[in-house]
Every structure is written in C-alpha cells, then in structure tokens.
Amino acid sequence: MSSTTTGVAVGATLAISALAFGFWAMLLVALFMAVGAVVGRSLEGRLDVRGAFDALRGKRTSS
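Residues numbered from 1 in each chain as written. Predicted model: local features only at pLDDT ≥ 70, side-chain atom pairs only at ≥ 80, totals over all residues. Heavy atoms only, no water.

Asks: An account of the overall build of the chain is needed here, citing residue identities and associated values.
Replies: The helix and strand tally for the chain stands at three helices and zero strands. Taken from the N to the C terminus, the helices and strands of the chain come in the order α-α-α. Against the 2.2 N^0.38 benchmark of 11 Å for 63 residues, the chain shows a C-alpha radius of gyration of 15 Å, more extended than a compact globule. Taken over the C-alpha atoms alone, the chain extends approximately 50 × 25 × 15 Å along its principal axes. Counting all 63 residues of the chain, 3% fall into the buried class. Approximately 5300 Å² of the chain is accessible, and the part contributed by carbon and sulfur atoms is 67%. (Helix = DSSP H or I, 4+ residues; strand = E, 2+ residues; numbered from the N terminus. Rg over C-alpha atoms; globule rule 2.2 N^0.38 Å. Buried < 20%, exposed > 50% of the residue type's maximum accessible area, 1.4 Å probe, protein only. Areas by Shrake-Rupley, 256 points an atom, 1.4 Å probe, with all protein chains shown as cover.)

Asks: Break down the packing of helix 1 (residues 3-21) against helix 2 (residues 23-44) for me, citing the residues and quoting the values.
Replies: Running from N to C, helix 1 and helix 2 point in directions that differ by 150 degrees, and their axes come no closer than 8 Å. On the basis of their axis angle, the class for helix 1 and helix 2 is roughly antiparallel. Crossing angle aside, the handedness with which helix 1 passes helix 2 is right-handed. Along the contact surface, helix 1 presents Val 10, Thr 13, Leu 14, Ser 17, Ala 18 and Phe 21, while helix 2 presents Ala 25, Met 26, Val 29, Ala 30 and Met 33. (Axes fitted to C-alpha atoms, helices over the stretch in contact; angles between N-to-C directions. Parallel < 35°, antiparallel > 145°, perpendicular 65-115°, else oblique. Left-handed = near helix turned anticlockwise from the far one by under 90°. Contact = heavy atoms within 4.5 Å.)

Asks: Describe the environment of Thr 5, listing the residues and the values that go with them.
Replies: Here Thr 5 lies in helix 1. A polar contact is formed between the side chain of Thr 5 and the side chain of Ser 2, at a distance of 3.0 Å. (Polar contact = N/O pair within 3.5 Å; in protein donor to acceptor, adjacent residues only side chain to side chain.)

Asks: Describe the environment of Gly 45, with residues and values.
Replies: Checked against the element boundaries, Gly 45 lands in the loop between helix 2 and helix 3 (49-57). Placed 31 residues apart in sequence, Gly 45 and Leu 14 show a C-alpha to C-alpha distance of 27 Å.

Asks: Tell me about the pattern of salt bridges, and name the residues and values.
Replies: Applying the stated criterion across every chain, the model contains two salt bridges. The partner of Glu 44 in a salt bridge is Arg 46, and the shortest N-O contact between them spans 3.5 Å. Across this residue pair, the class does not change: Glu 44 and Arg 46 are exposed. Its salt-bridge partner being Asp 54, residue Arg 57 comes within 2.7 Å of it at the nearest N-O pair. Of this pair, Arg 57 and Asp 54 both sit in helix 3, three residues apart, roughly one helical turn. Among the residues examined, Arg 57 registers a relative accessible area of 54% and is labelled exposed. For Asp 54, a relative accessible area of 23% translates into the label partly exposed. (Salt bridge = Lys/Arg side-chain N within 4 Å of Asp/Glu carboxyl O.)

This is the structure in structure tokens:
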C-alpha cells in the first residue's frame, strides 16, 4: 500500500468519524490509529520499542 493510499484512508476515516460522532470521537479514533500503527510497526520489527522509550527518557547512547 502506497503512502498516498494510506493517507487517503486515514483522512477518510477521520473525516467520517468527525462527521458522524463529533470532534472528540475523531480525536479518539486518531489516538487508536496511532496506537495501532505503533503496535504494528513493533510487531513487524520496524520499531525498537525499548530504544524509543530510552530516547524519550534521555537515556539514548551513541553507539
């Protein structure tokens, strides 16, 4: 799936949720989509969760 197709799908999902349920529901859908993307990337091995948490806490080393 190309980046353009993914962007269109995300935009359409957020637009439909905003129209159907309101602004706060749209934000909740966006949050769930972001969590799903992080979980998917970590399961694929494309995201090092431990390294990301260490970087957020400032414990990243340059090695």
